[in-house]
Amino acid sequence: MRPRAPIKGRGIFSGTGLIITGLAATAAALLFPLWSYADRQDTAGASVLSARTVTTPYGPLSAQDRDFVTKVRLAGLWELPAGQLAEREGTTPAVRTAGRHLVDGHTSLDAHDRTVAIQLGIPLPNEPNEQQKQWLATLRSARGQDFDRRFAGILRLAHGRVFSLVAQVRAGTQNSLVRDLADDANTTVLDHIRILEATGYVDFAALSRDLAASATPVPSPPVVDPGAAVPVVPTPDPTYPLPPATSTP
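Residues numbered from 1 in each chain as written. Predicted model: local features only at pLDDT ≥ 70, side-chain atom pairs only at ≥ 80, totals over all residues. Heavy atoms only, no water.

**As for the pattern of salt bridges**
For step 1, the next point in the chain: Evaluation of the coordinates by the stated rule reveals 10 salt bridges.
For step 2, the next point in the chain: One salt bridge connects Asp104 with Arg100, and the closest N-O pair in it is separated by 3.1 Å. Highlighted residues: Asp104 and Arg100, both in helix α3 (residues 93-120), separated by four residues, approximately one helical turn.
For step 3, the next point in the chain: Overall, Arg100 belongs to the partly exposed group, its relative accessible area being 37%.
For step 4, the next point in the chain: The residue Glu127 makes a salt bridge to Lys133 at a minimum N-O spacing of 2.8 Å.
For step 5, the next point in the chain: Taking the relative accessible area as the measure of exposure, Glu127 reaches 32% and is therefore partly exposed.
For step 6, the next point in the chain: Through salt bridges with shared partners, one network takes in Arg73, Asp110 and Arg114. (Salt bridge = Lys/Arg side-chain N within 4 Å of Asp/Glu carboxyl O. Helix = DSSP H or I, 4+ residues; strand = E, 2+ residues; numbered from the N terminus. Buried < 20%, exposed > 50% of the residue type's maximum accessible area, 1.4 Å probe, protein only.)

So, in structure tokens, the structure goes:
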């Protein structure tokens, strides 16, 4: 008896069907993680953006915007006293002039910063951070040309670091109040950089090395309600008496 020919497979059970089914399963296995990852990535990005950015009448306010407003305040809290020290301790007219620019610039900039903080509800510190306090302590202990060199070097380094931050915020902020503050800060910082360099005490080689080195993050001091932020204003020099008050008839 002649043996029967084998029955050819039909549908997915045929050889061709099994190959096609295997290829389809492989493609699905490869594509599903990509679709899934894309969905998770978009969702995570939106969540992070939502958590860090808030809506205000003046445009979106980002975490970087809030950090900038705080750092403008911190700059005034130590650079204005440093300017007053330069006015008293500087041994040259150029150093004393640089001190006056710091005092005038940060008196005005701090008033602008506090106004913006109140409008945007950003709490502000009332004291410098630890690094800034150390810089002030260094300046207070220096005398003569040593003071001049330390004053120019420390303040020029600090202004160089903040200058790049101002540019970054100005380029990217979507908030009109922060944009105006960045414009004001840019003008003030650039003026201070120029006047500090005019003292002749800036060591540009050392400055370049210090700016290239990564700055260690310094914890921020406690903050208060923006309405409770104490204005940064010059304190009367104890060595000079105040003029008599004008009497009214």
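Having seen the structure, we can now continue with the description.
**What about the confidence of the model for the protein?**
For step 1, the next point in the chain: The pLDDT averaged across the protein works out to 80; a share of 71% of its residues lies at or above 70.
For step 2, the next point in the chain: Below a pLDDT of 50 lies the segment residues 238-249, which in the model reaches one contact outside its immediate sequence neighbourhood of four places, other chains included. (pLDDT = per-residue confidence, 0-100. Contact = heavy atoms within 4.5 Å.)

**Focus on the packing of aromatic side chains**
For step 1, the next point in the chain: What the rule picks out here adds up to two aromatic pairs.
For step 2, the next point in the chain: Judged by centre distance (5.0 Å) and plane angle (40 degrees), the rings of Trp78 and Trp135 are tilted. Within this pair, whereas Trp78 is found in helix α2 (residues 63-89), its partner Trp135 is found in helix α4 (residues 130-141), the two being separated by 57 residues in sequence. The same class applies to Trp78 as to Trp135, namely buried.
For step 3, the next point in the chain: Note on Phe147 and Phe151: the rings are 5.9 Å apart at their centroids and 10 degrees apart in plane angle, and the pair reads as stacked. Placement of the pair is Phe147 and Phe151 together in helix α5 (residues 144-172), with a separation of four residues, close to one helical turn. Each member of the pair, Phe147 as well as Phe151, carries the same accessibility label: buried. (Phe/Tyr/Trp six-rings, centres within 6.5 Å; stacked < 30°, edge-to-face > 60°.)

**Here's the deal with the packing of α2 against α3**
For step 1, the next point in the chain: One way to put it is that α2 packs onto α3 with a least axis distance of 8 Å and a crossing angle of 155 degrees. On the basis of their axis angle, the class for α2 and α3 is roughly antiparallel. The hand of the α2/α3 crossing is left-handed.
For step 2, the next point in the chain: Residue composition of the contact of α2 with α3, by class: 11 nonpolar, six polar and eight charged. (Axes fitted to C-alpha atoms, helices over the stretch in contact; angles between N-to-C directions. Parallel < 35°, antiparallel > 145°, perpendicular 65-115°, else oblique. Left-handed = near helix turned anticlockwise from the far one by under 90°. Nonpolar A, V, L, I, M, F, W, Y, C, P; charged D, E, K, R; others polar.)

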